[in-house]
Amino acid sequence: MAVLQFREALKEAIDEEMDRDENVFVMGEEVAEYNGAYKVTEGLLDKYGFKRVIDTPISELGFAGIGVGAAMKGLRPIVEFMTFNFAVLAADQIINHASKVRYMLGGQASVPIVFRGPNASAGQLGATHSVAYDSMYAHFPGLSVIYPSEPDDAKGLLKSAIRNDDTVIFMESEQMYGLKGEVSEEKDYIIPIGKAKVKREGEDVTIVATGKMYHIAKQAAEQLAKDGVDAEIIDPRTIKPFDLETVIKSIKKTHRCVIVDEAHPFGGLASEVGFLIQREAFDYLDAPVQRVCLPDVCAPFSKPLFDLWLPDAKNVIEAVNAVMYR
């Protein structure tokens, strides 16, 4: 195992896939000469040249459309958005075209493209830079949505995403690019899309958490262990397709569940997963499913208010105590 930063794991995945397949190329704002806004594409321009590492104008709708067209002609674009908050401008190309091409053409064409970049809160950057869009994209048929929480998952899943024959939304936390973790050195390391991972074994309660919230759940589990509560943590890794089987298997053991989601409460991932759990595992639950979400208000700029707005370990512990009737 090698210890890499999150950004380095992503770059390894892109580099290996560009080396393996000449149809893979990268495009986006500042991905080439500036080496990427978050240095994920650092060094790739020198290695592969301007034809395969392409700086674009600040026009998300425009370069997303170019990527969709290129994918329909047999190339495999990796389109980087500086943030998925800006990708809203390209939503027509992603939601109304990329996701629907195979269906509308009866399988005669596909769009093997990866849209990737940072998702959810980015610290003190204001309300327009701190929205979690994973559940929004997961709503639409034809899109796979990946949201890894650790460098190893990021590398293995990004390689799978690049090889996928349909459109993949690959989301990363802006606050995690410097996160270090062990990454497999296995040759051609691949993690299947749609497979969750139990990252902490436990007997008393199941905590489901993605992205940045996985690390919040870890902090909570460590504190809960000191209080005699043994929490199991499941990282879905893929939002859609969602690995419900792994979650249900855990709930059949623990009989309690808390879902931690860095999104607003109405219509988010926590709502959907909570519904699926009560549909598939109602008889195994000893308490109602609890969720930990953002409040139903936009992200504040003020640091003290932002810290209150973003879910933390204390919020998770309170939810666990509720399902434990403590």
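Note that this is a predicted model, so its numbers are computed, not measured.

Participant: Mind laying out the domain arrangement of the protein chain, listing which residues take part and the relevant values?
Facilitator: Examined at the domain level, the protein chain breaks down into domain 1 (2–183) and domain 2 (197–323). Averaged C-alpha coordinates put domain 1 and domain 2 at centres separated by 26 Å. Contact with domain 1, which involves 28 residues of that partner, is made by 26 residues of domain 2. Between domain 1 and domain 2, the buried area comes to about 2100 Å², and carbon and sulfur atoms account for 54% of it. Looking only at domain 1, the three residues that lose the most surface to domain 2 are Gln-124, Tyr-147 and Ser-149, adding up to 26% of its buried area.

Participant: Pulling in residues and values, what's your account of a nonpolar patch on the surface?
Facilitator: A contiguous nonpolar patch, built from Met-72, Tyr-103, Met-104 and Leu-105 and spanning about 490 Å² of accessible area, is present on the exposed surface. Secondary-structure assignment places Met-104 in helix α5 (residues 101–104).

Participant: Summarise the nonpolar core; cite the residues concerned and give the values.
Facilitator: Ranked by internal contacts, the top residues of the largest apolar core, which has 51 residues, are Phe-81, Phe-84, Phe-115, Tyr-137, Ile-169 and Ile-277. The element contributing the most residues to this core is helix α10 (residues 269–281), with 6 residues. Viewed by domain, this core spans two of them, domain 1 (2–183) and domain 2 (197–323), each represented by three or more residues. In this structure, Tyr-137 is in contact with Phe-84, Ala-87, Ile-94, Ile-95, Leu-143, Val-145, Ile-169 and Met-171, ignoring residues within four places of it in sequence.

Analysis parameters
- Residues numbered from 1 in each chain as written.
- Predicted model: local features only at pLDDT ≥ 70, side-chain atom pairs only at ≥ 80, totals over all residues.
- Heavy atoms only, no water.
- Domains from an automatic or database assignment.
- Contact = heavy atoms within 4.5 Å.
- Buried area = accessible area lost by both parts, 1.4 Å probe.
- Patch = residues over 30% accessible without salt bridge, like charges linked within 9 Å, V, L, I, M, F, W, Y side chains within 5 Å.
- Areas by Shrake-Rupley, 256 points an atom, 1.4 Å probe, with all protein chains shown as cover.
- Salt bridge = Lys/Arg side-chain N within 4 Å of Asp/Glu carboxyl O.
- Helix = DSSP H or I, 4+ residues; strand = E, 2+ residues; numbered from the N terminus.
- Core = buried A, V, L, I, M, F, W, Y, C linked by side-chain atoms within 4.5 Å.
- Buried < 20%, exposed > 50% of the residue type's maximum accessible area, 1.4 Å probe, protein only.

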